[in-house]
Amino acid sequence: MKAGRRLRKRQWLGLLFVAPALLLYGTFILYPTARTLNLSLWDWDGVNPAVWRGLANYVDVVSDPILRGSIVHALILLVFFALAPVCFGLIMAALLTRHRIRGMAAFRLVYFLPQVLPLIAVGIIFRWIYSPNGTANGLLGWVGISSDRAWLGEWNWALPAIGLIGTWVQSGLCMMLFIAGAGNIHPHLYEAARLDGAGPVREFFAVTLPGLRAEVGLALTVTVISALAAFDLVYITTGGSPGHRTDVPGLVIYQRLVAGDLGHAAALAIVLSCLVAMAAIATSRLSKVEAER
C-alpha cells in the first residue's frame, strides 16, 4: 500500500512539473493546429458566414494549378536547398580536414557567413546580382558570354536562380556540421586506410562518409525543412513571378490569407505541415538505419 501511494505521489509530482510545458505546447502548437485543421474544411473570407466544404479544399490543393504548382516548386527546391548543399559541404569538409590548413578559422567564418545573414538582406543583394546590369551577367561577359538577362524575371530560369541562392546559404551550415563531425573520427581509421593503399577518394567513401552519417542526417533534416518552408527569400526576390513560376507553399498561403481565401490557405498549410513532418521523419529514420549498418 505504501509503495503504491509513493508511486502515485511521484506520478502526480511528475505531472505537476510537466504541466507548464504541456500548457505551453497545447496553447501554441496543438490549439492553432486544430483551428487550422477546422478552418481548412470551410470556405470563409474572415467576415461573412462560413460555408462548409469538407475535403473540397484539399481536392483543390491537388487540382488547382497554382496550389499544386507551389508544392511541385518546393520539391524542386529540395535539390538546391538540400542535396546540393550536402554534397558541396561533404566535398569542402573532406578537402579542409584532410590536411592542416593555415587560417582554418577564416575559412569557417567565410563559409558560415551566409547562414547568419538575414534572408531578407540576402534576397535584396541577389536581386541586384541577378539584374541585367548585375554581377551574374558581368561574370558571364568576363568569360566571353554576352548576356543582359534578368534572371529572376525569366520564365525558365527564375526558380533555379532562387535555388542557387539557397545552395549558397545552406552550404556553409552543412560544411560546418561535417567539419565538426570529421573531428570526431579517430585518426587511426585514416592511417589504416592509407596503409591499405586507399587514395583520397577511397578514403573519403570508406572512412569519412560512414563517420558522418549522423551529421548528414541532421543536415538533410534541416535543409529539407528549409526548402519546404521557404517564404522570405522567394517573397523578396520574385514574389512568385513570373507567372507563378516561383510560387512556393509558404508564399501562396500568405497570398491566400491576404486575399481572404482562408479555407484554401489553411488546407495548403496542413498539407505543407504533413510534408515537413514526413520529410523530417524520413531523414531521421534513414540516418538511424545507416548508423545501424
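The structure displayed is predicted, hence computed values, not measured ones.

J.: Help me understand the overall build of the protein chain in this model?
T.: What the protein chain contains, in helices and strands, is 13 helices and 2 strands. The C-alpha atoms of the protein chain give 24 Å as radius of gyration, which overshoots the globular expectation for 293 residues (19 Å, by more than 25%). Seen through its principal axes, the protein chain has C-alpha atoms that stretch 75 × 70 × 30 Å. The buried share of the protein chain, taken over its 293 residues, is 38%. Contacts in the protein chain between residues at least 24 apart in sequence constitute 67% of all its contacts with a sequence separation of at least 6.

J.: Help me understand the nonpolar core, please; the structure alone is not making it clear to me.
T.: The nonpolar side chains of a soluble globular protein tend to be buried with one another. Counting 40 residues, the largest nonpolar core has Tyr130, Ile165, Leu228 and Leu268 as its most contacted members. Of all the elements in the fold, those that place two or more residues in this core are helix H2 (56–63), helix H3 (65–98), helix H5 (119–129), helix H7 (158–182), helix H10 (213–228), helix H11 (232–237), helix H12 (249–259) and helix H13 (262–292). Dropping the residues within four chain positions of it, Tyr130 is found in contact with Ala136, Arg149, Ala150, Trp151, Leu152, Ala161, Leu164 and Ile165. The next biggest cluster of nonpolar side chains, apart from the first, holds 15 residues, and it includes Val86, Leu90, Cys174 and Ala219.

J.: Could you clarify how one ought to interpret the packing of aromatic side chains in this entry?
T.: The way to describe two aromatic rings as a pair is by their centre distance and the angle between their planes. For the structure on display, the rule yields 8 aromatic pairs. Between the aromatic rings of Tyr235 and Tyr254, the centroid separation amounts to 5.6 Å while the plane-to-plane angle is 85°, which identifies the pairing as edge-to-face. With a gap of 19 residues between them, Tyr235 in helix H11 and Tyr254 in helix H12 connect regions that are remote in the sequence. When its relative accessible area of 40% is taken as the criterion, Tyr235 is described as partly exposed.

J.: Looking at this model, I keep getting lost on the pattern of salt bridges. Mind explaining?
T.: In a structure, side chains of opposite charge can pair up when their charged atoms sit close to one another. As enumerated under the stated definition, the model contains 4 salt bridges in all. Note that Arg149 is salt-bridged to Glu154, the shortest N-O span being 3.4 Å. A relative accessible area of 25% places Glu154 in the partly exposed class. Measuring nitrogen to oxygen at the nearest pair gives 3.1 Å for the salt bridge that ties Glu203 to Arg194.

J.: Can you help me understand unusual backbone geometry in this one?
T.: Among all residues save glycine, negative phi is the norm, and among peptide bonds the norm is trans. Along the chain, Ser241 connects to Pro242 via a cis peptide bond; the corresponding omega equals -5°. Structurally, Pro242 is set in the loop between H11 and H12. The residue His244 is not glycine, and still its phi comes out positive at about 65°. Tracing the sequence through the fold places His244 in the loop between H11 and H12.

J.: Looking at this structure, I do not really get the environment of Val169. What am I missing?
T.: Of note, Val169 is situated in helix H7. Given a relative accessible area of 6%, Val169 falls into the buried group. Separated by 54 residues in the primary sequence, Val169 and Gln115 place their C-alpha atoms 5.5 Å from one another.

So, how was this worked out
Residues numbered from 1 in each chain as written. Predicted model: local features only at pLDDT ≥ 70, side-chain atom pairs only at ≥ 80, totals over all residues. Heavy atoms only, no water. Helix = DSSP H or I, 4+ residues; strand = E, 2+ residues; numbered from the N terminus. Rg over C-alpha atoms; globule rule 2.2 N^0.38 Å. Buried < 20%, exposed > 50% of the residue type's maximum accessible area, 1.4 Å probe, protein only. Contact = heavy atoms within 4.5 Å. Core = buried A, V, L, I, M, F, W, Y, C linked by side-chain atoms within 4.5 Å. Phe/Tyr/Trp six-rings, centres within 6.5 Å; stacked < 30°, edge-to-face > 60°. Salt bridge = Lys/Arg side-chain N within 4 Å of Asp/Glu carboxyl O.

Nothing here speaks to function; it is all geometry.
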